[in-house]
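Read off the chains here:
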Amino acid sequence: GLIFFQNDFCARILLLELKWCVLCLLLNEAELQQRSPPSMISLAGGSPNPNTFPFLSASIQVKNGRTVTFDEATMKRALQYSASNGIPELVTWMKNLQKNLHNPPTASYSPEKGQMDMCVTTGSQEGLCKVFEMLVNPGDNVLLDAPTYSGTLTALRPLGCNLINVPSDQHGMIPAALKKVLSRWDPSEVHKPDSTAPKILYTIPNGGNPTGASMTAERKKEVYELARLYDMLIIEDDPYYFLQFEKVQRWLTSSVSVPFPWAPTFLSMDVDGRIIRTDSFSKILSSGLRIGFVTGPKPLVDRVVLHIQASTMHTSSFTQLMVSQLLHSWGQEGFLQHIDRVIEFYRKQRDAMLSSADKWLKDVAEWHSPSAGMFLWMKLRGVADTQQLIVEKALEKEVLLVPGGVFMINSSDPCPYVRAAFSLSTPEQIDEAFKRLSLLIKDAL
Ligand code: PMP
Ligand code: PLP
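- If you look the protein up in an unreviewed UniProt entry, it shows as Kynurenine/alpha-aminoadipate aminotransferase, mitochondrial from Amphiprion ocellaris.
- The protein has a UniProt comment under Cofactor (unreviewed entry) that states "pyridoxal 5'-phosphate".
- Quoted straight from UniProt, the Pathway (unreviewed entry) entry for the protein says "Amino-acid degradation; L-lysine degradation via saccharopine pathway; glutaryl-CoA from L-lysine: step 4/6."

### Notes on the site of ligand 2
For step 1, the next point in the chain: Around ligand 2, a shell composed of 14 residues is seen, among which S124, D237, Y240, S280 and S282 lie nearest.
For step 2, the next point in the chain: The contact in question runs from an oxygen atom of ligand 2 to an N or O atom on the side chain of S282, over 2.5 Å.
For step 3, the next point in the chain: Between an oxygen atom of ligand 2 and a side-chain N or O atom of R290, the distance comes to 2.9 Å.
For step 4, the next point in the chain: Surface burial for ligand 2 is 91%, taken as the share of its 400 Å² of free accessible area covered by protein chains.
For step 5, the next point in the chain: Looking at the shell around ligand 2, the element that brings in the most residues is helix α6 (residues 123-135), giving four residues.

### Some words on the sheet that holds strand β14 (residues 402-403)
For step 1, the next point in the chain: Reading across the sheet, the four strands line up as β12-β13-β15-β14 and stay open at both edges, with antiparallel pairing between neighbours. Strands at the two margins of the open sheet, each flanked by one partner only, are β12 (365-367) and β14.
For step 2, the next point in the chain: Here β14 runs beside strand β15 (residues 417-421); their pairing, made up of two bridges, is antiparallel. Residue pairing across strands places P403 opposite V418, the latter belonging to β15.

### Focus on the pattern of salt bridges
For step 1, the next point in the chain: With the rule as written, the count across this model stands at 21 salt bridges.
For step 2, the next point in the chain: D169 is the salt-bridge partner of R219, the closest N and O atoms lying 2.8 Å from each other. Of this pair, R219 sits in helix α9 (residues 217-229) while D169 sits in strand β6 (residues 168-169), and the two are 50 residues apart along the sequence.
For step 3, the next point in the chain: Between D443 and K397 there is a salt bridge, with its nearest N and O atoms 3.1 Å apart. Taken together, the residues span a long stretch of sequence, with D443 in helix α14 (residues 427-444) and K397 in the loop between α13 (386-396) and β14 at a distance of 46 residues.

### Some points on the packing of aromatic side chains
For step 1, the next point in the chain: Going through the model one piece at a time under the given rule, you end up with 14 aromatic pairs.
For step 2, the next point in the chain: With a centroid separation of 6.1 Å and an interplanar angle of 45 degrees, the aromatic rings of F281 and F335 are classed as tilted. Pair noted here: F281 is in the loop between β10 (275-280) and β11 (292-297) and F335 is in helix α12 (residues 317-360), with a separation of 54 residues, a long-range link. For the residue pair F281 and F335, the accessibility class agrees, reading buried in each case.
For step 3, the next point in the chain: Through a chain of ring-to-ring contacts, the aromatic side chains of W93, Y241, F242, W262, F281, F293 and F335 assemble into a single cluster.

### Some remarks on the sheet that holds strand β8 (residues 200-203)
For step 1, the next point in the chain: With mixed pairing, the seven strands of this open sheet are ordered in space as β3-β11-β10-β9-β8-β4-β5. At either end of the open sheet lies a strand with only one pairing partner, and these are β3 (116-121) and β5 (162-165). Strand-to-strand twist of the sheet, defined as the mean angle between neighbouring strand axes without regard to direction, takes the value 20 degrees.
For step 2, the next point in the chain: The pairing of strand β4 (residues 141-144) with β8 spans three bridges and is parallel. Its bridge partner lying in β8, V142 is registered against I200.

The rules we used
Residues numbered from 1 in each chain as written. Chains lettered and ligands numbered in written order. Predicted model: local features only at pLDDT ≥ 70, side-chain atom pairs only at ≥ 80, totals over all residues. Heavy atoms only, no water. UniProt positions renumbered as here; feature names shortened; annotations may be inferred. Near = heavy atom within 4 Å. Polar contact = N/O pair within 3.5 Å; in protein donor to acceptor, adjacent residues only side chain to side chain. Areas by Shrake-Rupley, 256 points an atom, 1.4 Å probe, with all protein chains shown as cover. Helix = DSSP H or I, 4+ residues; strand = E, 2+ residues; numbered from the N terminus. Pairing = 2+ DSSP bridges. Salt bridge = Lys/Arg side-chain N within 4 Å of Asp/Glu carboxyl O. Phe/Tyr/Trp six-rings, centres within 6.5 Å; stacked < 30°, edge-to-face > 60°. Buried < 20%, exposed > 50% of the residue type's maximum accessible area, 1.4 Å probe, protein only. Axes fitted to C-alpha atoms, helices over the stretch in contact; angles between N-to-C directions.

Encoded structure:
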């Protein structure tokens, strides 16, 4: 009962599917040739000849002494068109990681049966945008817990949907509040053609942008059960999954060796195939390389791939090969060791920001310590709206933060919050910034 959405985009996609074989011939020459006997002479492909490309080979130094090397043959592959769902060895590596981290219930995760699938996207933003375009029709009700990532609002707004806020706190979306929001619809009527019941719920489960909030496993279970009751898809946008600060502590204090002590995800609970999960390498390998992944029910991932085929064709082959070679040389263990180092860095940064906040902002602001991510979300006391304070006065005092309004469904509503990122500045800079901010707030009062 998953394919309940119907819109022009899907119609276009179905048409596209009919042209699938033709497109394959045009786009995946390299793949087709691999499957053909060596004696085959193909005049079918639309790929340019890489011998005419100016780049020959590459050697990329990796921290800790490794090297990613593209010999001439690999370079040709890196410079050529590739499959729209991602280069096979990268997709396979990620499927294994996903299986080990989330172990989605076998009922829904069975690559053999083809019920769940993954594809590579050009950053998770591309995946999110395409998922929204696939699922959301004008006038649809869409549930999310605002304040939320401004990129999500940017992707959803042009679709003409009605964004409904589900109240949240420092532990993310509140299940009782979701239940209340949903109570205006009758669960037995959500499949009626004229039902206005929301079909999708979007949330950032770990280290939310901008709030830093992380959902507890209990809350996720309750939200999942409500999604079952109302037959909704959940879009689990989890780019800060790998920045869980408690993870290493649990690892170190655990006497038994627990292989993957990460917070349980919606994907790990997905007995029905109603989770679409977006992962990102932006916070752990590179944001500029643009690599993300969509994991979800195969019929839906297939459609995202068809949309990729009609837009970017695929994420840069060069980028994918570079990342794939590194991941294969690291193995999962090396990858997770790298993640541990990244977590360690951000945890120290978070702690530095918290101690500077304690030092300078105690009397003028309030906040919760984030257990994941890169952000501290602060409510400024006595400031009704931070927009003016930040945009005008903060610039004068040479300190920059993001006013909370940009993360709200209605960005013009007054908002007393600001978002501070602890990712880029040194602890000394953070301290000086909060000193300036405290003066600024005191001046404004
Ligand atoms: N337009 C035409 C007419 C093409 O033939 C192609 C690709 N062969 C494209 C656009 C897409 O090219 P690109 O690889 O730059 O996306
Ligand atoms: N989702 C959230 C919640 C984010 O905060 C971001 C980036 O800041 C993204 C998605 C987009 O990430 P990517 O670089 O993978 O497109």
